[in-house]
Amino acid sequence: MTTTPTEAPRTGRTPGPRMLRGLSWLVVRQHRAALLSLLAVTVLGSIWIVYERSRMKDFLDAAGWPGKELTQPTYDGGGAGLVMAALGGLPLILAVFVGAPLIAGDQEQGTAQLVTTQSVSRLRWVATKFAWIYGAVLVTAAVLSALFTWWWKPYRSVFSSSWSDGSVFDSTGPMLPALCLFLTAAGITIGVLARRTLMSMAITFIFAAAVGVFWSEMIAHLAPTRTITYPLEADMPSRLNESLEVDRWIGSADGHLYGWGLCAEQTEAASDACVKEHGIVNNVYEYLGVDQMPAMQWTGAGILLAGTAVLTAFVLWRVSRRPL
Amino acid sequence: MADAFTPDGASGAWALEALGLGKRYGRGWALQDISFRLPAGRICGLVGPNGAGKSTLLGIATRQVQPTEGGLRVFGVPVDDPEVMPRFAFLGQDKPLFKRFTVAETLRMGAELNPGWDMAAAERIVRSGQVPMDARVGTLSGGQRTRVAFALAFGKRPDLLLLDEPMSDLDPLARHDMSTLLMSEAVERGTTVLMSSHMLTELEDMCDYLLVLAGGRIRMAGDADALLPAHALVTGLAPGGDPAAALAPHTVVEYRVQGRQFHALVRTNGPLSGDWVVSEPSLEEVLLAHLRSPDVPPLFTPGARTEAEGSHTS
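Residues numbered from 1 in each chain as written. Chains lettered and ligands numbered in written order. Predicted model: local features only at pLDDT ≥ 70, side-chain atom pairs only at ≥ 80, totals over all residues.

Things to note about the UniProt feature "transmembrane region" (unreviewed entry) in chain A
Rules: UniProt positions are given in the numbering used here, feature names are shortened, and annotations may be inferred rather than shown by experiment. Secondary structure elements are taken from DSSP: a helix is a run of H or I of four residues or more, a strand is a run of E of two residues or more, and numbering for both begins at the N terminus.
Following the UniProt record, one finds the feature "transmembrane region" (unreviewed entry) at residues 33-51, 80-104, 131-152, 172-194, 201-223 and 295-317 of chain A. Secondary structure over residues 33-51 of chain A splits into 100% helix and 0% strand, and the C-alpha atoms at its two ends are 26 Å apart.

Notes on the interface of chain A and chain B
Which entries qualify depends on this criterion: It is the C-beta atoms, placed from the backbone, that decide contacts: two residues are in contact if theirs lie within 7 Å. All amino acids are sorted into three groups, where Ala, Val, Leu, Ile, Met, Phe, Trp, Tyr, Cys and Pro are nonpolar, Asp, Glu, Lys and Arg are charged, and the leftover types, Gly among them, are polar.
Tallying the contact residues gives 20 residues for chain A and 22 residues for chain B. Counting residues per element, the side of chain A that touches chain B draws most heavily on helix α1 (residues 22-30) of chain A, at five residues. Residue composition of the side of chain A that touches chain B, by class: five nonpolar, 12 polar and three charged.

Comments concerning the domain arrangement of chain A
To keep things clear, this is the line we draw: Where a domain begins and ends is set by an automatic assignment or by a domain database.
Domain boundaries assigned for chain A yield domain 1 (23-70 + 78-223 + 292-321) and domain 2 (226-289). When the residues that make up the side of domain 1 of chain A that touches domain 2 of chain A are grouped by side-chain class, the tally is three nonpolar, three polar and no charged.

Quick notes on the pairing of strand β1 (residues 14-25) of chain B
Residue and element names in this part refer to chain B. Filter applied, for reference: Paired strands are those between which DSSP finds at least two bridges.
Relative to strand β2 (residues 28-39), β1 runs antiparallel, the two being bridged by eight bridges. Within β2, the position partnered with glutamate 17 by the bridge is arginine 37. Pairing of β1 with strand β4 (residues 69-74) involves five bridges; the strand directions are antiparallel. Residue pairing for β4: alanine 18 is matched across the bridge by leucine 72.

Some words on helix α10 (residues 293-321) of chain A
Inclusion rule: For a helix, the expected span equals 1.5 Å multiplied by the number of residues minus one. Each residue is classed by its C-beta neighbour count within 10 Å, where at least 20 other C-beta atoms makes it buried, 12 or fewer makes it exposed, and intermediate counts make it partly exposed; the C-beta atoms are placed from backbone geometry.
With 29 residues, α10 of chain A ought to run about 42 Å at 1.5 Å a step, and its terminal C-alpha atoms sit 42 Å apart, in line with that. Of the residues making up α10 of chain A, those classed as buried are Met293, Met296, Gln297, Gly300, Ala301, Leu304, Thr308, Leu311, Val315 and Val319 of chain A.

Some words on the packing of helix α2 (residues 32-62) of chain A against helix α3 (residues 80-109) of chain A
All names here are of chain A. How we decide: Angles here are taken between N-to-C directions and fall from 0 to 180 degrees, while the axes themselves are lines fitted to C-alpha atoms, restricted in helices to the stretch in contact. Every angle not falling under 35 degrees, over 145, or within 65 to 115 is termed oblique; those three ranges are roughly parallel, roughly antiparallel and roughly perpendicular.
Two numbers describe how α2 lies on α3: the axes approach to 11 Å, and their chain directions differ by 170°. What the angle tells us is that α2 and α3 run roughly antiparallel. Along the contact surface, α2 presents Ala34, Trp48, Ile49, Glu52 and Met56, while α3 presents Ala80, Val83 and Val98. Broken down by class, the residue content of the contact of α2 with α3 amounts to seven nonpolar, no polar and one charged.

What follows is the structure, encoded as C-alpha cells:
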C-alpha cells in the first residue's frame, strides 16, 4: 500500500473514528454492555467510597477523634458496612455475569461458529476476549481497591471489621484485583466447559461461593505465625491488640504447653490448684500481626494470580486444540 | 476452471479432497470411510436423509468438528491448517449472527476479520434485498437475515462456499431470490459451492455435481451428468419373481415386482439386451432408490474418488 496525503478521508465512510480494529473492535462491540457496566461500577463505586469516607471523617472530626475516645468503640453509621459487602460481592458478581457468559454465550448462540469461520483463528479470538475482559476487570478492581484502602488505612481502628476479616483483607491492597481476576477466569473456564450460559452461571456461582468459604480459612495460613510468651497474671501487651489470634496456650516454666482450657474449673480454688499442680506460669499467644498484612495480601494475590494464569492457559490450550 | 476428469497433479484443482475421513460420536460413527474429490468450480449438492452425516461433513470442512480419522484438504491445504480459513465461507443451518449488531456492524465485522473483504459486494447483496443497513439483526425477518448471512459469506470472497440447508427456513419467494443470488454470485466468481439440501428439485436445478450420503457413508459421488445416464429404469417380465439374475451383469439398485411384471432401477454395465422397456430415470428416482438400498455398492464417476485407495470400489 502506498501512503498518500489524501489517505485520511478514506475512513470517512464509517461513522465515527475507527479507534479499534479487527478482533478488538469485535470484542468491544459484542461486550459493549458488559464493559460499560464495569466502567459505571468503577465510576459510581469510586464516588460512593469517597462520599462514605468523607461522611466518616466528618463524624469523627465532630466527635473529636482521635483525641477523644468514641462513645462506641467502632463507627457503624453510614454505608461502611454496605461498601464492604459490595466489594466482597464484586468478585462473585464479575465471575457469574461477566466471566461465565463470555464464551459460553457464543457457544450457545452459535456466534462462536460465526466468528471462527471468518479468517481469524479461535485462539486469537479467545485471547483477545481475555485481554479486554481481564483489562476491564483489573481496572475496576484496582481503582475500587485503591480507594477503599485509602479510606480504610487511617481509620482502621474504628472499622467494625478487623484487618484479618475477609471484608477488609479481601477488599484492600492487591487482594481485590486478584480475587476478581481469579474468579472471572474460573467463570470463563466453567463456561467453556459447560457450553451453556445459564448452567455455567449457576456452576460459577456455587464455585465462587465455595472459594469464598475456603479462602476465609486460608487467610491465617498466608504468613508464618509469631508466638509471644508473657506472665500468666499479666495483661496481653497492648501492641497485640490488633493482631489475629491463631492459637493460645498456657505454659509451665520449663516450656511445656497446655491447652487454654486445661484449668478452667468450676471454682477458683480448683483452678488455682490445677495451675499449681502443672506449674503453669505463662500465657503463650500465637498470632499474626497487623504489620504482616501486606505480605499476606501479596502472598494471597500471588496464589490467586497463579491460579488465574493456570486457568487462562488451560482455556487457550483447549481452544487451540479443539473446536469450541 | 479445472476439468473434472483430468487431474493435473496440482491438488489445488480439487476444492475438497477427503481421504478415509471418519467421525465418531460416543459409540456410533457419524461418518465413516469418506473418500471423495470435489473439483474446483462446481456446484455440488450434498444429499442424504436426516442423520446421514451431511452436517458433520460440513462441520469438518469448516473446522467446527474434528475428524476422528482420515483427512480433508481444502484446495490442497489440510483443513486443520489456519491457512484454509480465508478460502472458504460457511452458512450454517441456523445462520447465527450477533442479534444486537446492526446490519452495517455485521458487515463491518466481516471487514475487520477477513483480509480479502469486498464491502461493495456485501453491500450490494444487502441493498438489493431492501434490508436497512441500520436495522438490528434481531429485528429482521428470516429472509432478510439469510440475505445478511449471504452477504457476509460472499463479502469474504471465498473460493469455496459451504452451505448447510441454506433455504430450509425460507418461504418459496425468498428461496427463489436466494437461489438466484447464490447462482449468479457463484457463477460470476467461479466459486465452488457445496450445499446440503433436502429439496431434490432445488438440487436438480442448481447442481452439476452430487455427493450422496446415507448412514455416514458415501452412496454416490460425481458429475450429475454422468451419474444419471449410468442408470436405467427397466420394466419387463420376471418369470421367476427375481429379476436380478435376468438383469446380470447390471447392478440392480432397487426393484419392485407386480404380478409377472417387474420394475427395476439398474446401474447399467454395457448395453441392456432383452425384451424390456427401458427408460431414463429422473434424478429424484435415482437418489431415492440409492437412499432406500444401503447395500448397493457406492458409485463414483471418474475422478470423484480419491486416489491412493480404491479397494472398496465395485
